[in-house]
Amino acid sequence: ELARFARRMRTASRRWGKQPLRGIDGESLADGFTEAYRRARRAMPGRHRSGARKFHDWRKATKSCGYQCRLLRATWPAVMKALGHTFSDLGDVLGAEHDLSMLRHYLKVPDHLATFRRSAAAGFGLVGQRRDELRRSALEIGRRLFADKPRVVRRRMTQWWRNPKAARK
């Protein structure tokens, strides 16, 4: 079933990619992307120590921005491709952090802890170090990616819509 679903989604994606954008104005595109950007920017953890849930929520919001970039790639190919790659990179780092968070949670289950006592103790330290590295990396990418306020992003996209050549600069 999953393979069939995946084939159907790939087919739909190819078909949709060939459709021209009719009846959609720059304001609507800018509003939609800006709202996703705003949510992801707000979801970014602050300087204080944040928990796994905060980073996971940020990952979900970031992925939404990446999907928006894919949808808008036909409109501004170079800009949206580059921006989409950056969102994807951030999503990958946050995904690795989430995987380690889940591993740590798994190792903390009493039955697993009893079975893997020695390796779990060593694993906690290694997992913690790597998660800290990934979080620092994610926050560094995030600070650059979300440096602009949403209203600036919206204004820029509206300008691109009015003057598509401006998106190439």
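Use the structure listed above.
Only a predicted model underlies this, so the values are computations on that prediction, with no experimental measurement involved.

Trainee: When you look at the environment of Thr-158 in this model, what are you seeing that I'm missing?
Mentor: In this structure, Thr-158 sits in helix H7 (residues 150-162). You can call Thr-158 buried: its relative accessible area is 6%. Spatially, the C-alpha atom of Thr-158 lies 8.4 Å from that of Leu-29, the residues being 129 residues apart in sequence. For Thr-158, the contacting residues outside a window of four places in its chain are Glu-27 and Ala-30. A polar contact is formed between the side chain of Thr-158 and the backbone oxygen of Arg-154, at a distance of 2.9 Å.

Trainee: I tried to follow the pattern of salt bridges on my own but got confused; where do I start?
Mentor: Overall, the coordinates contain 11 salt bridges when judged by the stated rule. A salt bridge links Glu-35 to Arg-39, with the shortest nitrogen-to-oxygen separation between them at 3.6 Å. Of the two residues, Glu-35 and Arg-39 both sit in helix H2 (residues 26-43), 4 residues apart, roughly one turn of that helix. Several salt bridges share partner residues, and in doing so they unite Glu-27, Asp-31, Arg-154 and Arg-162 into one network.

Trainee: Sorry if this is basic, but what is going on with the packing of aromatic side chains here?
Mentor: One pair of aromatic rings is described through two measures. These are the centre distance and the angle between the planes. Within the structure shown, the criterion is met by 7 aromatic pairs. Here the aromatic residues Phe-33, Tyr-37, Phe-87 and Phe-146 are joined through ring pairs into a cluster of three or more.

Trainee: Looking at this model, I keep getting lost on the nonpolar core. Mind explaining?
Mentor: Burial of nonpolar side chains together is a common tendency in soluble globular proteins. In terms of nonpolar packing, the biggest core is built from 31 residues, with Trp-58 and Met-157 touching the most fellow members. Taken together, the elements giving at least two residues each to this core come down to H2, helix H3 (52-72), helix H4 (77-108), helix H6 (117-145) and H7.

Trainee: What should I look at first to understand H7 in this one?
Mentor: Residue pairs three or four apart in sequence face the same way in an α-helix, which turns once every 3.6 residues. Across its 13 residues, H7 extends 19 Å between first and last C-alpha, which sits within 8% of the 18 Å expected from 1.5 Å per residue. Here H7 has its buried residues at Pro-150, Val-153, Met-157, Thr-158 and Trp-160. Down the axis of H7, the sector holding all buried residues measures 160°, keeping them to one side. Seen from the buried face of H7, the exposed residues on the opposite side, beyond 90 degrees, are Arg-151 and Arg-162.

Trainee: Just to check I follow, could you spell out the packing of H2 against H7 for this structure?
Mentor: Between two packed helices, what matters for the description is the angle formed by their axes and the separation of those axes. Put simply, H2 and H7 touch, their axes get as near as 9 Å, and they point 155° apart. Put simply, H2 runs roughly antiparallel to H7. Where H2 crosses over H7, the two elements pack in a sense that is right-handed. Judged by residue contacts, Gly-26, Glu-27, Leu-29, Ala-30, Asp-31, Phe-33, Thr-34, Tyr-37, Arg-38 and Arg-41 of H2 engage Pro-150, Val-153, Arg-154, Met-157, Thr-158, Trp-161 and Arg-162 from H7. Considered class by class, the residues forming the contact of H2 with H7 number 8 nonpolar, 3 polar and 6 charged.

Trainee: Please clarify how the side chain of Glu-97 should be interpreted in this entry.
Mentor: As for its placement among the helices and strands, Glu-97 is situated in helix H4. What makes Glu-97 buried here is its relative accessible area of 2%. At a separation of 3.0 Å, a polar atom in the side chain of Glu-97 contacts the side chain of Arg-131. Among all residues touching Glu-97, those that are not within four sequence positions of it are Phe-55, Arg-131, Leu-134 and Arg-135.

Analysis parameters
- Residues numbered from 1 in each chain as written.
- Predicted model: local features only at pLDDT ≥ 70, side-chain atom pairs only at ≥ 80, totals over all residues.
- Heavy atoms only, no water.
- Helix = DSSP H or I, 4+ residues; strand = E, 2+ residues; numbered from the N terminus.
- Buried < 20%, exposed > 50% of the residue type's maximum accessible area, 1.4 Å probe, protein only.
- Contact = heavy atoms within 4.5 Å.
- Polar contact = N/O pair within 3.5 Å; in protein donor to acceptor, adjacent residues only side chain to side chain.
- Salt bridge = Lys/Arg side-chain N within 4 Å of Asp/Glu carboxyl O.
- Phe/Tyr/Trp six-rings, centres within 6.5 Å; stacked < 30°, edge-to-face > 60°.
- Core = buried A, V, L, I, M, F, W, Y, C linked by side-chain atoms within 4.5 Å.
- Expected span 1.5 Å × (residues − 1).
- Arc of directions from axis to C-beta.
- Axes fitted to C-alpha atoms, helices over the stretch in contact; angles between N-to-C directions.
- Parallel < 35°, antiparallel > 145°, perpendicular 65-115°, else oblique.
- Left-handed = near helix turned anticlockwise from the far one by under 90°.
- Nonpolar A, V, L, I, M, F, W, Y, C, P; charged D, E, K, R; others polar.

By themselves, these observations are geometric and do not establish any function.
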